[in-house]
Amino acid sequence: MRVGIGFDIHRLVPERPLVLGGVKVPFPKGLLGHSDADVLLHALCDALLGAVGAGDIGTYFPDTDPQWKGVPSRTFVAKALELISARGLGIANVDLVMMAEEPKLLPHRSAIQQSVAQALKVEMDRVNLKARTMEGLGPIGAGEAMAAYAVVLLE
Ligand code: MG
């Protein structure tokens, strides 16, 4: 068995789509980044890569590389999955924490869990998502950013 942890944070800006776990969430702002800036999938990707000792997302998809501009972060997850399968490992379970002041993510939770499960090619019951606010504290609490943690267990 192998365990991995991932963390990511992105700035919220106007006139960008908000994509979380591969799901477009209606909101007047979106996350700034070279790819689609899917903070949740980026944290997940780092957890997957970390679990197999394969560095981090920047190792494989540097934000200086034009080929990754605007690409869906599902591409990064697919690549991480390949590395995992090549080592004879599969996903036991994934636990995700989304930190965002707004919008309320509960109405989107099941869609996001389903999307992440699809990206990982596992049943939905292997993916858990928790969403919380920062109680108005710090840059996330002020609505300037969103962050995510991911923990994965491979077997
Ligand atoms: Mg990122």
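Please refer to the structure placed before this passage.
Numbers given for residues are sequential positions, taken from 1 along each chain in its written order. Totals for whole chains, interfaces and linings use all residues, but because this is a predicted model, local features are given only for residues with pLDDT of at least 70 and pairs of side-chain atoms are given and counted only at 80 or more. Here the side-chain values reflect all heavy atoms present in the structure, with hydrogen atoms and water set aside.

## Observations concerning helix H4 (residues 109-120)
Under the scheme used here, helices are H or I runs from DSSP no shorter than 4 residues and strands are E runs no shorter than 2 residues, and both carry numbers assigned from the N terminus. For a helix, the expected span equals 1.5 Å multiplied by the number of residues minus one. Between its terminal C-alpha atoms H4 stretches 16 Å, which fits the 16 Å expected from 12 residues at 1.5 Å a residue. Residue exposure (1.4 Å probe, protein chains only): buried if accessible area is under 20% of the type maximum, exposed if over 50%, otherwise partly exposed. Inspection of H4 places Ile 112, Gln 113, Ser 115, Val 116, Ala 117, Ala 119 and Leu 120 among the buried residues, and these make up the whole buried set. At the C-terminal side of H4, Lys 121 shows a positive phi close to 60 degrees.

## Some details on the sheet that holds strand E7 (residues 145-154)
What holds strands together in a sheet is hydrogen bonding between their backbones, with the strands either parallel or antiparallel. Any two strands with at least two DSSP-identified bridges between them are counted as paired. Pairing is mixed across the open sheet formed by 5 strands, whose spatial order is E4-E1-E7-E5-E6. One side of each edge strand has no neighbouring strand; the edge strands of this open sheet are strand E4 (29-31) and strand E6 (127-132). Averaged over neighbouring strand pairs, the angle between their axes works out to 20 degrees when direction is ignored. Relative to E4, strand E1 (residues 2-14) runs antiparallel, the two being bridged by 3 bridges. Bridging from a neighbouring strand, Pro 14 pairs with Lys 29 of E4. Contacts are assigned to residue pairs that have any heavy atoms within 4.5 Å of one another. Whenever a helix is involved, its axis is fitted only over the stretch in contact; in every case the axis is a line through C-alpha atoms, and angles between N-to-C directions fall within 0 to 180 degrees. Against the sheet, helix H1 (residues 39-51) touches E1, E4, strand E5 (91-99), E6 and E7, its axis set at about 155 degrees to E1.

## Side note on the coordination of the magnesium ion
Protein-derived coordination of the magnesium ion comes from Asp 8 (OD), His 10 (NE2) and His 42 (ND1), at a distance range of 2.1 to 2.2 Å. Metal sites are built from N, O and S donor atoms within 2.8 Å, or 3.2 Å for Na, K and Ca, and they leave out water, so they may look incomplete. In primary-sequence terms, the residues that donate to the magnesium ion follow D-x1-H-x31-H. On the basis of relative accessibility, which here comes to 17%, the residue Asp 8 falls in the buried class. On the basis of relative accessible area, His 10 is assigned to the buried category, the value being 12%.

## Points about the packing of H1 against helix H3 (residues 74-86)
For the pair H1 and H3, the least separation of the axes is 9 Å and the interaxial angle reads 15 degrees. As summarised for this structure, H1 and H3 are arranged roughly parallel, according to the angle between their axes. The chirality of how H1 crosses H3 is left-handed. Residues Leu 41, His 42, Leu 44, Cys 45, Leu 48 and Leu 49 of H1 lie in contact with H3, whose contacting residues are Arg 74, Phe 76, Val 77, Ala 80, Leu 83 and Ile 84. Convention used here: angles under 35 degrees read as roughly parallel, angles over 145 as roughly antiparallel, angles from 65 to 115 as roughly perpendicular, and any remaining angle as oblique. Crossing handedness: left-handed means the near helix sits turned counterclockwise from the far one by under a right angle, and right-handed means the same turn made clockwise.

## A look at the side chain of Ser 35
Positionally, Ser 35 belongs in the loop between E4 and H1. By relative accessible area, which is 6% here, Ser 35 ends up buried. Pairs of N or O atoms within 3.5 Å make up the polar contacts considered here, provided that, within protein, one atom can donate a hydrogen while the other can accept it, and that residues adjacent in sequence are counted only when both atoms are side-chain atoms. Polar side-chain contacts of Ser 35 include one of 3.2 Å to the side chain of His 42. Each residue touching Ser 35, except ones within four places of it in the same chain, is listed here: Arg 16, His 42, Trp 68, Gly 70, Val 71, Ser 73 and Phe 76.

## Notes on unusual backbone geometry
In the segment running from Glu 102 into Pro 103, the intervening peptide bond is cis, with an omega of -10 degrees. One non-glycine residue, Glu 15, lies in positive phi territory at about 60 degrees. Within the secondary structure layout, Glu 15 lies in the loop between E1 and strand E2 (18-20). Phi is positive for Ala 37, close to 60 degrees, though the residue is something other than glycine. Assignment of secondary structure puts Ala 37 in the loop between E4 and H1.

## Quick word on the packing of H3 against H4
In contact at an axis separation of 9 Å, H3 and H4 are set at 45 degrees when each is read in the N-to-C sense. One way to sum up the angle between H3 and H4 is to call them oblique. Where H3 abuts H4, its residues Arg 74, Val 77 and Leu 81 lie against Ser 115, Gln 118, Ala 119 and Leu 120. Three residue categories are used. Nonpolar comprises Ala, Val, Leu, Ile, Met, Phe, Trp, Tyr, Cys and Pro, charged comprises Asp, Glu, Lys and Arg, and polar comprises the others, including Gly. A breakdown of the residues in the contact of H3 with H4 according to their chemical character gives 4 nonpolar, 2 polar and 1 charged.

Keep in mind these values describe shape, not function.
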